[in-house]
Amino acid sequence: MADRIRQARRLKALSQTQLAEHVGVQRSAVAQWERAGGTHPSVEHLAQIAVITQVLFEWLATGRGPMISAATQAEAASGTPAPAAECLARDEVETRVLQLIRKLSPHRRSDACDMLRAMVG
C-alpha cells in the first residue's frame with residue numbers, strides 16, 4: 001500500500017506536505033503511510049487520498065484492478081483536465097457525502113438533492 005499511496009501522490013504532482021494538507025493530517029502521517037512497514041491510513045483517509053489523487057479506491061487499498069478509471073484515462077487522452085479534488089470535496093464530511101450519493105440510483109440521488117435543498121433553505 002505504501003508504494004501505491006506514493007505513486008498516486010506523485011501522479012498528481014503533490015508533495016507529502018500538500019497531500020497531508022488536503023487530507024487534514026500532518027506530513028509525518030503521509031511519510032508513515034508511504035514507508036514500507038509504516039502505518040496504514042484509516043479507510044476514511046484512504047478514500048480521501050483516492051478522491052484527491054483521482055485513483056480508484058480498490059486499486060489504492062488492495063492493488064487490484066486499474067489504477068484510474070476509463071473516464072479519467074479518456075479525459076487525460078483528450079487533454080481535458082479533470083476537476084481538482086478540492087472542487088469535488090472540501091473536507092472529510094463532503095467526501096463521505098459524495099461517496100454515499102454516488103452509490104444511489106438516479107431517482108434516489110434526485111430525492112437526496114431535494115432533501116438537502118430543503119435543509120439549506
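Scroll up a little and you will see the structure.
As a starting point, this report considers the structure included with it. (Residues numbered from 1 in each chain as written. Predicted model: local features only at pLDDT ≥ 70, side-chain atom pairs only at ≥ 80, totals over all residues. Heavy atoms only, no water.)

Once that is clear, we can look at the nonpolar core. Counting 18 residues, the largest nonpolar core has Val23, Trp33, Val55 and Leu60 as its most contacted members. Looking at this core, the elements that each hand over two or more residues are helix H1 (2-11), helix H2 (16-23), helix H3 (27-34), helix H4 (43-53) and helix H5 (57-62). At 4 residues, H4 tops the list of elements feeding residues into this core. Apart from residues lying up to four places away in sequence, Val55 is in contact with Ala8, Leu11, Ala50, Leu60, Met67 and Ile68. (Core = buried A, V, L, I, M, F, W, Y, C linked by side-chain atoms within 4.5 Å. Buried < 20%, exposed > 50% of the residue type's maximum accessible area, 1.4 Å probe, protein only. Helix = DSSP H or I, 4+ residues; strand = E, 2+ residues; numbered from the N terminus. Contact = heavy atoms within 4.5 Å.)

Moving on: the packing of H4 against helix H8 (residues 92-103). Where H4 meets H8, the closest approach of the two axes is 10 Å, and the angle between their N-to-C directions is 80 degrees. For the element pair H4 / H8, the angle class is roughly perpendicular. Within the contact between the two elements, H4 uses Glu44, His45, Ala47, Gln48 and Val51 and H8 uses Glu92, Thr95 and Gln99. When grouped by side-chain class, the residues that make up the contact of H4 with H8 number 2 nonpolar, 4 polar and 2 charged. (Axes fitted to C-alpha atoms, helices over the stretch in contact; angles between N-to-C directions. Parallel < 35°, antiparallel > 145°, perpendicular 65-115°, else oblique. Nonpolar A, V, L, I, M, F, W, Y, C, P; charged D, E, K, R; others polar.)

With that settled, the discussion passes to H3. Listing the buried residues of H3 in full gives Val30, Trp33 and Glu34. Buried residues of H3 fall within an arc of 95 degrees about the axis and therefore sit on the same side. As for H3, its buried residues are in contact with H1, H2 and H4. (Arc of directions from axis to C-beta.)

This brings us to the side chain of Gln16. Along the chain, the position of Gln16 falls in helix H2. A polar side-chain atom of Gln16 sits 2.9 Å from a polar atom in the side chain of Glu34. Setting aside anything within four residues of it in sequence, one finds Gln16 in contact with Arg9, Arg27, Val30, Ala31 and Glu34. (Polar contact = N/O pair within 3.5 Å; in protein donor to acceptor, adjacent residues only side chain to side chain.)

A word on unusual backbone geometry. Here the phi dihedral of Ala13 falls at roughly 55 degrees; this positive angle occurs in a residue that is not glycine. Examined against the element boundaries, Ala13 turns out to sit in the loop between H1 and H2. Positive phi, normally seen in glycine, also occurs at Gln54, with a value near 60 degrees. With respect to the helices and strands, the residue Gln54 is situated in the loop between H4 and H5. With a relative accessible area of 15%, Gln54 lands in the buried category.

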